[in-house]
Amino acid sequence: MPQVAKQFIPLKLAVLTVSDTRTLDTDTSGQTLVDALTSAGHQLAAREICIDDIYQMRAIVSSWIANTDVQGILITGGTGFTGRDSTPEAIQPLFDKEVTGFGELFRQISFEQIGTSTIQSRALAGLANRTIIFCMPGSTNACRTAWNDVIASQLDATHKPCNFVEQVLPLEADVETCGPRG
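Below or above, wherever it landed, is the structure these notes cover. (Residues numbered from 1 in each chain as written. Predicted model: local features only at pLDDT ≥ 70, side-chain atom pairs only at ≥ 80, totals over all residues. Heavy atoms only, no water.)

### Some thoughts on the layout of surface pockets
Part 1 of the reasoning: Counted as a void, the second largest pocket has a volume near 160 Å³.
Part 2 of the reasoning: Forming the boundary of the second largest pocket are Ile65, Asn67, Thr68, Val70, Gln71, Asn129, Arg130, Thr131, Val168, Leu169 and Pro170. (1 Å grid on protein atoms, 1.4 Å probe; cavity = no way out; pocket = protein on both sides within 12 Å on 5 of 7 lines; lining within 4 Å. Points joined across faces, edges and corners; volume = space filled by probe spheres on them.)

Right, here's the structure in full:
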């Protein structure tokens, strides 16, 4: 049976807000994620706001995926069904592996809060070059729900029986969680 890390390991996380209208002053969902990750003991590696454009999103996220100092990316916005919502189309092709359970669990939890409207969320997650990426709706409440009810524990090396910390640390890291390295 794999051993679980005995202590919290801070990760370096980047936050991307996808919006045609928000600025750093009005980006409450992005700020919610920044506050949550720093309160949990992680470090903010980068923060950007990008218009809902597939190629601009891919450029930013690709640069973070290639940067070994970024271990996780939290993306808020662009996951709905309007004509401009294109985060899944931009980000999903970058995944090496999709974490299908994230979207499923997020929608299940959201159902308790917003009812059947949750089916319009195209929240998704995946791994790319040992970087975990979570894409969630642009509402502040959705970001809070995603962080508190799913993401925080999955980015905590002490969470049992498994978490994503081993998947995002360098291969030589001395951390064991569940699942093979690879």
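After that view of the structure, there is still more to cover.
### Topic: the side chain of Ser86
Part 1 of the reasoning: Within the secondary structure, Ser86 sits in the loop between β3 (72–76) and α3 (87–91).
Part 2 of the reasoning: By relative accessible area, Ser86 is classed as buried at 10%.
Part 3 of the reasoning: The contacts of Ser86, once residues within four sequence positions are left out, are Asp52, Asp53, Ile54, Met57, Gly78 and Arg122. (Helix = DSSP H or I, 4+ residues; strand = E, 2+ residues; numbered from the N terminus. Buried < 20%, exposed > 50% of the residue type's maximum accessible area, 1.4 Å probe, protein only. Contact = heavy atoms within 4.5 Å.)

### Comments concerning the pattern of salt bridges
When their charged atoms lie close together, side chains carrying opposite charge are able to pair.
Part 1 of the reasoning: Applying the stated criterion across every chain yields a total of five salt bridges.
Part 2 of the reasoning: With a shortest N-O distance of 3.9 Å, Asp69 and Lys12 are connected by a salt bridge. Here Asp69 is found in the loop between α2 (54–66) and β3, whereas its partner Lys12 is found in strand β1 (residues 12–18), with 57 residues between them in sequence.
Part 3 of the reasoning: Taking relative accessible area as the criterion, Lys12 reaches 32% and is therefore assigned partly exposed.
Part 4 of the reasoning: A salt bridge links Arg22 to Asp27, with the nearest nitrogen and oxygen atoms 3.8 Å apart. (Salt bridge = Lys/Arg side-chain N within 4 Å of Asp/Glu carboxyl O.)

### Regarding the nonpolar core
Within soluble globular proteins, side chains that are nonpolar tend to cluster in buried spots.
Part 1 of the reasoning: If you look at the biggest cluster of nonpolar residues, it comprises 31 residues, and the most contacted ones within it are Leu74, Phe102, Phe134, Trp147 and Ile151.
Part 2 of the reasoning: Among the elements of the structure, β1, α1 (28–39), α4 (100–114), β5 (124–128), β6 (131–136), α5 (140–154) and α6 (165–168) are those that each provide at least two residues to this core.
Part 3 of the reasoning: When residues of this core are assigned to their parent elements, the largest contribution, six residues, is made by α5.
Part 4 of the reasoning: Leaving out residues up to four positions away in the same chain, Phe102 has contacts with Ala123, Leu124, Ala125, Phe134, Cys135, Ala146, Val150 and Ile151.
Part 5 of the reasoning: Of all hydrophobic cores here, the second largest spans 20 residues; its members include Ile60, Ile73, Ile91 and Cys135. (Core = buried A, V, L, I, M, F, W, Y, C linked by side-chain atoms within 4.5 Å.)

### Section: the sheet that holds β6
Part 1 of the reasoning: Spatial strand order, β2-β1-β3-β6-β5-β4: six strands in an open sheet with mixed pairing. Either end of the sheet is taken by a strand with one partner, and the two such strands are β2 (43–50) and β4 (97–98).
Part 2 of the reasoning: Taken strand by strand, α5 contacts β1, β3 and β6, and its axis lies near 135 degrees from that of β6. (Pairing = 2+ DSSP bridges. Axes fitted to C-alpha atoms, helices over the stretch in contact; angles between N-to-C directions.)

### Focus: the packing of α4 against α5
Think of two packed helices as two axes; the pair is described by the angle between the axes and how far apart they sit.
Part 1 of the reasoning: Put simply, α4 and α5 touch, their axes get as near as 10 Å, and they point 120 degrees apart. The angle between the axes of α4 and α5 places the two elements in the oblique class. Of the two possible hands of crossing, α4 and α5 adopt the one that is right-handed. Every residue of α5 that contacts α4 at Phe102, Leu105, Phe106, Ile109, Ser110 and Gln113 is listed here: Asn141, Ala142, Thr145, Ala146, Asp149, Val150 and Ile151.
Part 2 of the reasoning: For the contact of α4 with α5, the class distribution of residues is eight nonpolar, four polar and one charged. (Parallel < 35°, antiparallel > 145°, perpendicular 65-115°, else oblique. Left-handed = near helix turned anticlockwise from the far one by under 90°. Nonpolar A, V, L, I, M, F, W, Y, C, P; charged D, E, K, R; others polar.)

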